[in-house]
Amino acid sequence: MSEVRKLNDTETLWPVLPDAVEEATRRLLAKACERDLSLATAESCTGGMLASLLTDVQGVAHAFDRGFVTYSEVAKIEMLEVPAEMIAEKGAVSREVAIAMAEGALRRSDANIALAVTGFADSGDEPGLVHFACARAGRKTAHREEHFGAIGRGATRVQCMRVAVEMMTEML
């Protein structure tokens, strides 16, 4: 028996992605296209899942410019110009590093809006602690801290998609 879905825009992630997140993603991408804005991502704990989501919606995925998967501290430093001293002092999972990641992705891309995510998906100092930052030229970079709890790696990543899409939408 085949599974029936009312939505299927996010073909790759649809088995795990809540319909509300899929609908919000389509709206985000459509609005970005209407306004001729492009998006970039800087991901750590989500490992490129957000970039995958933003490129999976046919017809509006061209609003996505590029994604940086910066799982290691070295990648954050080299690809996004996050200061090594900041990581050493504040930790890779921190407000400061998330903001530096978003602003670095904005500088290192052609995007108008960049979203960064860094956190402890399933282990670390506090499982489920995730920091998000969203940057747009000419605006104050937004930060959001979430405490998803010890819900597991996959569930944390799915929740990250919801928050990331909300933050980018707010920055339009």
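Everything that follows concerns the structure shown earlier in this document.
The paragraphs below set out a description of the structure included in this document. (Residues numbered from 1 in each chain as written. Predicted model: local features only at pLDDT ≥ 70, side-chain atom pairs only at ≥ 80, totals over all residues. Heavy atoms only, no water.)

## Things to note about the packing of helix α1 (residues 19-34) against helix α6 (residues 153-171)
Each pair of packed helices can be described by the angle between their axes along with the distance between the axes. Remark: α1 packs on α6, axes separated minimally by 10 Å, with the N-to-C direction vectors making an angle of 30 degrees. Judged by the inter-axis angle, α1 sits roughly parallel to α6. Regarding α1 and α6, the two cross each other, and that crossing is left-handed. The residues of α6 that touch α1, namely those facing Val-21, Ala-24, Thr-25 and Leu-28, are Met-161, Arg-162, Val-165, Met-168 and Thr-169. A breakdown of the residues in the contact of α1 with α6 according to their chemical character gives six nonpolar, two polar and one charged. (Axes fitted to C-alpha atoms, helices over the stretch in contact; angles between N-to-C directions. Helix = DSSP H or I, 4+ residues; strand = E, 2+ residues; numbered from the N terminus. Parallel < 35°, antiparallel > 145°, perpendicular 65-115°, else oblique. Left-handed = near helix turned anticlockwise from the far one by under 90°. Contact = heavy atoms within 4.5 Å. Nonpolar A, V, L, I, M, F, W, Y, C, P; charged D, E, K, R; others polar.)

## Looking at unusual backbone geometry
Leave glycine aside and you will find that most residues have negative phi; peptide bonds, for their part, are mostly trans. The phi torsion at Asp-36 lies on the positive side, around 55 degrees, for a residue other than glycine. Look at Asp-36 and you get exposed, because its relative accessible area is 68%. At Glu-81, a position not held by glycine, the phi torsion is positive, near 60 degrees. Residue placement: Glu-81 occurs in the loop between α3 (73-80) and α4 (84-90). (Buried < 20%, exposed > 50% of the residue type's maximum accessible area, 1.4 Å probe, protein only.)

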